[in-house]
Amino acid sequence: MHKLESRSDIIRGFSPAWFITTMGTGIIGALLINFPYGTPALQYISWGISLVNLVVFLACCVLFSWRLIRYRDFYSILMHPQQSMLLGAIPMGLCTLVVCLVWTLKPYNVSWMPTLALTLWCIDVVLSVMSFLVIPFLVTSHQKHALETVNATLLLPAVPTIVAATGGAIVASVHNGGIATTIVTISYMLWAMGMGVAMLLTIVYLIRLVLFKLPPKEAIATVFIPLGPFGQASYGIQLLGVQSARLFPTELSQIAYLGDILLIIGFFVGLMIWSLATWWFAHAVYSMVYTRVHGKIPFHLGWWALIFPISTFAASTNSLWILTGYRFFRVLASFIIVGVTLLWILIVARTVCYAWTGELFKATSVVQLELKDTVPDDFDSESPEECLE
């Protein structure tokens, strides 16, 4: 910690951006559980990663809560045009815990697991809806933004509802009857809300890229963020279709063939969104390579923006294989999962090293100290490279 003036800077520099580490770690654990060529060894590894993610999430909650209590600057964070976006990472990190809980314990028929998963999912839904409703309102009413400095983090408040919808489909798989039907119905609503707004915000971000070109190298990893809602929406609508086919023929029998229709719609809509995600994935990779060719990309927490979006794309690809049986999707999903897991290992190693030296906390605290004693009208749009540092 030699790069920090004092250990209290760790608390001061602990921003919501740190919850992105739980998003990435949790979804890696979920991917390995469902690896297309799974082995018992991978199951044990995924359990270990899921436990680590639980510890990391609890640590992040404690440190962030400590920061808010000590410095009482939650209002300032809400009014900040970049830091407020990252509050959406909290419910998304929680949802990865719910998903890993279900995938890990489902084969063992643990009696208390469905109730715990449902309870955590309900909490996640509340937090997701709060992010979805509050942050966009502040963007349009209080914060100052300019098209030139618009960053892909603008999508983050809308993504949690899509993630919660996907989590709802997974939670519904361990329930039956009216409870499961209610979960699926709410999940469809969450999916529609989040996907609609995410599409609109993606258009805004694409216009920014067309007019002002790629973000600076410090923020180039954020070009992968729009891949997240596309991949997650594709994955979620497929899972919801599967659960609809299981539940609706008996629970909503008055609407003939509704479950089968939604299963078909889920597959085709999921495939179309996956195709769109493929284009954005290719564009993001091109952007990353282009930026790297023209200079070294410094490491910071923004690198974690690579993990979750790529992982959602992998999950969607894997789901298409399960539904269709096409070997192409199976091989592609395996390739992406292996690649993103290796990338996750690299980023974890560098995060630990940079956190140990204090550099990551110091980089964040510089931004956080600027929040003290500010009001909405005083905010200027931050440069993109500050968004995830």
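Within every chain, residues take consecutive numbers counted from 1 along the sequence as written. This being a predicted model, a pLDDT of at least 70 is required before a residue's local features are given, and a value of 80 or more before pairs of side-chain atoms are given or counted; all residues contribute to the totals for chains, interfaces and linings. To get the side-chain values, all heavy atoms of the structure are used, and hydrogens and water are removed first.

**Concerning the packing of helix α9 (residues 227-251) against helix α11 (residues 307-324)**
Next, step 1: Convention adopted: a line fitted to C-alpha atoms gives each axis, helices being fitted over their contacting stretch, and angles between N-to-C directions are expressed from 0 to 180 degrees. Helix and strand labels come from DSSP, where a helix needs a run of H or I of at least four residues and a strand needs a run of E of at least two; each type is numbered from the N terminus. At their nearest, the axes of α9 and α11 sit 7 Å apart, and the two run at 30° to each other. Viewed along their axes, α9 and α11 adopt a mutual orientation that is roughly parallel. Crossing hand, α9 versus α11: left-handed. Residues Leu227, Gly228, Gly231, Gln232, Ser234, Tyr235, Gln238 and Val242 of α9 form the contact with α11, whose participating residues are Phe308, Pro309, Ile310, Thr312, Phe313, Ala315, Ser316, Ser319, Leu320 and Leu323.
Next, step 2: Considering only residue class, the contact of α9 with α11 consists of ten nonpolar, eight polar and no charged. Angle categories are assigned with fixed cut-offs, so that under 35 degrees is roughly parallel, over 145 is roughly antiparallel, 65 to 115 is roughly perpendicular, and the rest are oblique. Helix crossings get a hand from a simple test, with the near helix turned counterclockwise from the far one by less than a right angle marking a left-handed crossing and a clockwise turn marking a right-handed one. We call two residues in contact whenever any of their non-hydrogen atoms come within 4.5 Å of each other. Only Asp, Glu, Lys and Arg are considered charged, only Ala, Val, Leu, Ile, Met, Phe, Trp, Tyr, Cys and Pro nonpolar, and every remaining residue, Gly among them, polar.

**Notes on the pattern of salt bridges**
If charged atoms from side chains of opposite charge come close, those side chains can pair.
Next, step 1: Salt bridge, as used here: a side-chain nitrogen of Lys or Arg that lies within 4 Å of a carboxyl oxygen of Asp or Glu. One pass over the structure, following the stated rule, counts one salt bridge.
Next, step 2: In this structure, the salt-bridge partner of Asp73 is Arg67, at a minimum N-O distance of 3.1 Å.
Next, step 3: Judged by relative accessible area, Asp73 falls into the buried class, the value being 4%.
Next, step 4: Note on Arg67: relative accessible area 0%, which makes it buried. With a 1.4 Å probe rolled over the protein chains alone, any residue whose accessible area is under 20% of its type maximum counts as buried; one over 50% counts as exposed, and the rest are partly exposed.

**As for the nonpolar core**
A general feature of soluble globular proteins is that nonpolar side chains tend to end up buried together.
Next, step 1: To define a nonpolar core, start from buried Ala, Val, Leu, Ile, Met, Phe, Trp, Tyr and Cys residues and group those joined through side-chain atoms within 4.5 Å. In this structure, Met113, Trp121, Val171, Trp191, Phe224, Leu227 and Ile310 are the most contacted members of the largest nonpolar core, which totals 117 residues.
Next, step 2: Per-element accounting of this core gives the leading share, 13 residues, to helix α5 (residues 89-105).

**What to know about empty space enclosed by the protein**
Next, step 1: Cavities and pockets are defined on a 1 Å grid built over the protein atoms alone: a cavity is a set of grid points where a 1.4 Å probe fits but cannot escape, while a pocket is an open set with protein on both sides within 12 Å along at least five of seven lines, and lining residues are those with an atom within 4 Å of any such point. Grid points are joined across faces, edges and corners, and a volume is the space filled by probe spheres set on the points. Tallied over the full model, the rule gives three cavities of 30 Å³ or more.
Next, step 2: By volume, the largest cavity amounts to about 110 Å³.
Next, step 3: Considering the residues around the largest cavity, the lining is formed by Ile20, Met23, Leu156, Val159, Ile225, Gly228, Pro229, Trp304, Ala305, Phe308 and Pro309.
Next, step 4: Contributing elements (two or more residues each) for the lining of the largest cavity: α2 (19-33), α9 and α11.
Next, step 5: Taken together, the residues that form the lining of the largest cavity break down as ten nonpolar, one polar and no charged.

**Here we look at helix α3 (residues 40-71)**
Next, step 1: Here a helix's expected span is defined as the number of its residues, less one, multiplied by 1.5 Å. In this model α3 runs 47 Å from its N-terminal to its C-terminal C-alpha over 32 residues, within 8% of the 46 Å that 1.5 Å per residue would give.
Next, step 2: When we look at burial in α3, the residues that qualify are Leu42, Ser46, Ile49, Ser50, Asn53, Phe57, Cys60, Phe64 and Arg67.
Next, step 3: Directly beyond the C-terminal end of α3, a positive phi value near 50° is found at Arg72.

**Looking at unusual backbone geometry**
Generally, phi is negative for residues other than glycine and the peptide bonds are trans, each holding for most cases.
Next, step 1: Backbone geometry at Lys213 places phi at a positive 70°, although glycine is not the residue there.
Next, step 2: Mapping Lys213 onto the fold places it in the loop between α8 (177-212) and α9.
Next, step 3: Here Tyr257, not a glycine, exhibits a phi torsion of approximately 60°, which is positive.
Next, step 4: Locating Tyr257 in the fold gives a position in the loop between α9 and α10 (258-293).

**Comments concerning the state of the cysteines**
Next, step 1: Sulfur atoms of two cysteines make up a disulfide when they are within 2.5 Å. Taken as a whole and judged by the stated rule, the model has zero disulfides.
Next, step 2: As a non-bridged cysteine, Cys95 has Cys100 as the owner of its nearest cysteine sulfur, 9.7 Å distant.
Next, step 3: With relative accessibility at 2%, the residue Cys95 sits in the buried group.
Next, step 4: Counting only cysteine sulfurs, Cys95 is the nearest neighbor of Cys122, a cysteine outside any disulfide, at a range of 12 Å.
Next, step 5: Exposure remark for Cys122: the relative accessible area of 39% places this residue in the partly exposed category.

**Overview of a nonpolar patch on the surface**
Next, step 1: Patch construction takes residues with relative accessible area above 30% that form no salt bridge. Like charges are linked within 9 Å, and nonpolar side chains (Val, Leu, Ile, Met, Phe, Trp, Tyr) are linked within 5 Å. Note on areas: Shrake-Rupley with a 1.4 Å probe; residue coverage comes only from the protein chains shown. A surface patch of nonpolar side chains, about 1000 Å² in accessible area, is lined by Leu147, Met199, Leu200, Ile203, Val204, Leu206, Ile207, Val210, Leu211, Phe212, Leu276 and Trp279.
Next, step 2: Elements with a minimum of two residues in the nonpolar patch: α8 and α10.
Next, step 3: By residue number, the principal contributor to the nonpolar patch is α8, which donates nine residues.
Next, step 4: Position of Leu206 relative to the elements: it lies in helix α8.

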